[in-house]
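Letter by letter, the chains look like this.
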Number of protein chains: 2
Amino acid sequence: MLRTNTEFLSYIDSLYKDEQLGISLQNFEKDSLLLRQGEKNHRVFVIKEGIAKCFFLEENGKDYILEFMSKGQVLGEIEMIRRIDCLCNVAALTALQVYVIPAATFKELLAKDLMLNKILLEELADRIINTSSRASFQQLYTVEHGLAKLLELQEKQGMEISKEDMAAYLGITLRSLNRALKGL
Amino acid sequence: MLRTNTEFLSYIDSLYKDEQLGISLQNFEKDSLLLRQGEKNHRVFVIKEGIAKCFFLEENGKDYILEFMSKGQVLGEIEMIRRIDCLCNVAALTALQVYVIPAATFKELLAKDLMLNKILLEELADRIINTSSRASFQQLYTVEHGLAKLLELQEKQGMEISKEDMAAYLGITLRSLNRALKGL
DNA sequence: AATCATTTGGGACAATTGTCCTTTTTTTGT
DNA sequence: ACAAAAAAAGGACAATTGTCCCAAATGATT
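Residues numbered from 1 in each chain as written. Chains lettered and ligands numbered in written order. Predicted model: local features only at pLDDT ≥ 70, side-chain atom pairs only at ≥ 80, totals over all residues. Heavy atoms only, no water.

1. A look at the protein's contact with DNA strand C
Okay, step 1: Within the structure, DNA strand C sits among A:K163, A:R175, A:N178, A:R179, A:K182, B:K62, B:V143, B:I172, B:T173, B:R175, B:S176 and B:R179.
Okay, step 2: Near-protein atoms of DNA strand C (within 4 Å) split between backbone and bases, with sugar and phosphate holding 55%.
Okay, step 3: Between DNA strand C and A:K163 there is a distance of 2.8 Å, counted from a phosphate oxygen to a side-chain nitrogen or oxygen.
Okay, step 4: A distance of 3.0 Å separates a base oxygen of DNA strand C from a polar side-chain atom of A:R175.
Okay, step 5: Where the surface near DNA strand C is concerned, the elements lending two or more residues are helix 7 (174-182) of chain A together with helix 7 (174-182) of chain B.
Okay, step 6: Of the residues assigned to the surface near DNA strand C, the class counts are two nonpolar, three polar and seven charged. (Near = heavy atom within 4 Å. Polar contact = N/O pair within 3.5 Å; in protein donor to acceptor, adjacent residues only side chain to side chain. Helix = DSSP H or I, 4+ residues; strand = E, 2+ residues; numbered from the N terminus. Nonpolar A, V, L, I, M, F, W, Y, C, P; charged D, E, K, R; others polar.)

2. Some details on the interface of chain B and chain A
Okay, step 1: Contacts between the two partners involve 41 residues from chain B, matched on the other side by 41 residues from chain A.
Okay, step 2: Contact with chain A buries surface across chain B, with B:L121, B:Q139 and B:L140 losing the most and accounting together for 19% of the total.
Okay, step 3: Taken together, the connections running from chain B to chain A amount to two salt bridges.
Okay, step 4: Across the pair A:D126 and B:R82 runs a salt bridge whose closest N-O atoms are separated by 3.1 Å.
Okay, step 5: When residues of the side of chain B that touches chain A are traced back to their parent elements, those giving at least two are strand 6 (63-69), helix 2 (77-82), helix 3 (103-112) and helix 4 (114-140) of chain B.
Okay, step 6: Ranked by the residues each element gives to the side of chain B that touches chain A, the list is headed by helix 4 of chain B, at 21 residues.
Okay, step 7: Considering only residue class, the side of chain B that touches chain A consists of 21 nonpolar, nine polar and 11 charged. (Contact = heavy atoms within 4.5 Å. Buried area = accessible area lost by both parts, 1.4 Å probe. Salt bridge = Lys/Arg side-chain N within 4 Å of Asp/Glu carboxyl O.)

3. Quick look at the environment of A:S32
Residue and element names in this part refer to chain A.
Okay, step 1: Tracing the chain through its elements places S32 in the loop between strand 2 (24-28) and strand 3 (33-35).
Okay, step 2: For the pair S32 and L93, spaced 61 residues apart in sequence, the C-alpha separation works out to 8.3 Å.
Okay, step 3: Not counting residues up to four positions away in its chain, the partners in contact with S32 are V90, A91 and A92.
Okay, step 4: For S32, the side chain forms a polar contact with the main-chain oxygen of E29, separated by 2.5 Å.

4. Points about the packing of helix 5 (residues 143-157) of chain A against helix 6 (residues 163-170) of chain A
All names here are of chain A.
Okay, step 1: Relative orientation of the contacting elements helix 5 and helix 6 amounts to 125 degrees, with a least axis distance of 11 Å. Between helix 5 and helix 6, the angle falls in the class oblique. Crossing handedness for the pair helix 5 and helix 6: right-handed. Where helix 5 abuts helix 6, its residues G146, L147, L150, L151 and Q154 lie against M166, Y169 and L170.
Okay, step 2: Its residues assigned to classes, the contact of helix 5 with helix 6 shows six nonpolar, two polar and no charged. (Axes fitted to C-alpha atoms, helices over the stretch in contact; angles between N-to-C directions. Parallel < 35°, antiparallel > 145°, perpendicular 65-115°, else oblique. Left-handed = near helix turned anticlockwise from the far one by under 90°.)

5. Some details on helix 6 (residues 163-170) of chain B
Okay, step 1: For helix 6 of chain B, the tally of buried residues reaches six of eight residues, placing the bulk of the element in the interior.
Okay, step 2: Every buried residue belonging to helix 6 of chain B is among B:D165, B:M166, B:A167, B:A168, B:Y169 and B:L170, and all of these are buried.
Okay, step 3: Summarising the contacts, the buried residues of helix 6 of chain B are in contact with helix 4 (114-140) of chain A together with strand 5 (52-57), strand 6, helix 4, helix 5 (143-157) and helix 7 of chain B.
Okay, step 4: A positive phi of about 70 degrees marks B:G171, the residue just after helix 6 of chain B. (Buried < 20%, exposed > 50% of the residue type's maximum accessible area, 1.4 Å probe, protein only.)

6. A short note on the pairing of strand 9 (residues 96-102) of chain A
All names here are of chain A.
Okay, step 1: Counted residue by residue, strand 9 has five buried out of seven residues, so it is predominantly covered.
Okay, step 2: Where strand 4 (residues 43-49) lies against strand 9, six bridges are found, and the strand directions are antiparallel. Counted as the bridge partner of F45 is V100 from strand 9. (Pairing = 2+ DSSP bridges.)

7. Side note on the protein's contact with DNA strand D
Okay, step 1: The full set of residues close to DNA strand D is A:K62, A:V143, A:I172, A:T173, A:R175, A:S176, A:R179, B:K163, B:R175, B:N178, B:R179 and B:K182.
Okay, step 2: Atoms of DNA strand D within 4 Å of the protein: sugar and phosphate make up 52%, bases the balance.
Okay, step 3: A:R179 has a polar side-chain atom sitting 2.6 Å from a base nitrogen of DNA strand D.
Okay, step 4: One nitrogen or oxygen atom from the side chain of B:K163 is found 2.8 Å from a phosphate oxygen belonging to DNA strand D.
Okay, step 5: Breaking the surface near DNA strand D down by element, the ones donating at least two residues are helix 7 of chain A together with helix 7 of chain B.
Okay, step 6: For the surface near DNA strand D, a count of residues per class yields two nonpolar, three polar and seven charged.

8. Details of the nonpolar core
Okay, step 1: In terms of nonpolar packing, the biggest core is built from 102 residues, with A:L34, A:L75, A:L120, B:L34, B:L75 and B:L120 touching the most fellow members.
Okay, step 2: In this structure, B:L120 is in contact with A:L121, B:F8, B:V74, B:E77, B:I81, B:F106 and B:L110, ignoring residues within four places of it in sequence. (Core = buried A, V, L, I, M, F, W, Y, C linked by side-chain atoms within 4.5 Å.)

9. Comments concerning the environment of A:N5
All names here are of chain A.
Okay, step 1: Checked against the element boundaries, N5 lands in the loop between strand 1 (2-3) and helix 1 (6-16).
Okay, step 2: When the C-alpha atoms of N5 and G72 are compared, they prove to be 4.5 Å apart, with 67 residues separating the residues in sequence.
Okay, step 3: Apart from residues lying up to four places away in sequence, N5 is in contact with K71, G72, Q73, I119 and E123.
Okay, step 4: A polar contact is formed between the side chain of N5 and the backbone nitrogen of F8, at a distance of 3.0 Å.

10. As for the relation of the copies chain B and chain A
Okay, step 1: The operation relating chain B to chain A is a screw motion whose rotation component is 180 degrees, with 0.0 Å of axial translation and a residual RMSD of 0.0 Å. Here the transformation between the copies is reduced to the relation of a two-fold axis.
Okay, step 2: Mapped onto chain A, 100% of the interface residues of chain B are again interface residues, and the two copies thus contact each other with one and the same surface. (Least-squares fit on C-alpha atoms with pLDDT ≥ 70 in both.)

Any functional reading would require information that these geometric values do not contain.
Have a look at this one:
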C-alpha cells in the first residue's frame, strides 16, 4: 500500500551525479500538488524522501486514492510513456524531496537504457498486480474486510492516514468508514 | 475493455519466422484454461486470433473479470517479469490461436531487445490506466453507470458477453445485474 | 473562561445490493 | 409435439451503504 522501490532510488542516485542529464532535486511542502489531473506534464519525479498520494477526482466530486507512494517511486512516467495528460492528481502527504528528470532526458534513457527499461517494467508489473488485486478484493468483499486489510498494512508501515484518506482509499464515504470502524 | 495491440502482433509475427527462438503456434478451444491462478507458468502467450478473459477467483467463490483480451495481447508476461505464479485465470471465450514463447526466449529478449521493452512498457502503462480508472469508476459510481458504460463498449466492439461475465466484470451478482438492466 | 469556528462522530431514513428461493423461459432428447 | 432438464429472470426480505443533518468534541481567539 505504501509503495517503495529501493532499486529505482539507487539507480537515480547514480544518474544524478551525471550533470549532463539535467536531473535536479526539488522540495515540495506538505499538501502541495505535484501533478494535476488532466494537465500537461513534462517531467518525471522520483521520490527521495517523504510520502505522496495518487488520487482520481471524479466528476461527481469524490476522490479515489490509488496508491501511497514513498522512497524510490516514480511519478509521471506513465504519462510520458503514453504521451497523455496527467491521469490523476499527486499530492504531498508529508514534506517531499524528489528528483526531477526532464522529459527529454527521460525519453532518451527510455530509448537507450536497458537498465531503466528493466526497472520500469518491474515497477509497472508490480503496480498492475497491486491495483488489480485490490480492485477485485474491494468489489467482492465487504467494506469491513477491506478496512481490516488497510489497518493491518497501515500498522505494519507505521504510517498514519487521515480518516478522509482512508475512506478515499476504500472508495467509501466517511460515514461508512466510521460505521465499519465500530464494527471491528 | 476488449484490449488489442496491433504493434505487438506484428512484432511477434516477425519473431515467429526466426526458428532459433522456438516460438510456436497453438490452438485452444473455447472454454479451455490457458493459465490457472496460483500455478507455475513457464511461457508467454500472444493472442493471434480470438478472445480470452482474465479473471480472479476469490476465496469466497466469486469471480472478478479484469480484462477481455484479443489480438496482440500478451498473457503471462507479468508473471515472467516478476517471477511469480499466475496472478489470475485466463480462459478462452472463443476458439483461440496463440503464439507461445518459451520462458528462456522471452527472458533473453527482455534482457536484450529494446523494441520488446518499449512495446511492453506501453502495454503495461496502458493497462494501469485502464485498471485504475475502472477501479475508481466502479467504486465511486452506481452500478447503473458502470453498466451503461459496459453496454456502450460492448456495442462499439460488436462483442457479446454472457450475463454472468457482465456481472463478473462489474463485480456484482447476477441478481443485481438484472435489476440494473431493468433500470435503464 | 467564554465564544465562535472547525472537525469528528453518529442518528434516522432512503436507496442500493445481496441472499435465498420460486417462477418463467429456453433447451434438449425422445 | 411433449416432458424433463437446465438456464434465466424476478419476488421478498435482510444487510449494507449513502445522504442529510444534528450533536459532541476540539481548538483557536479574544
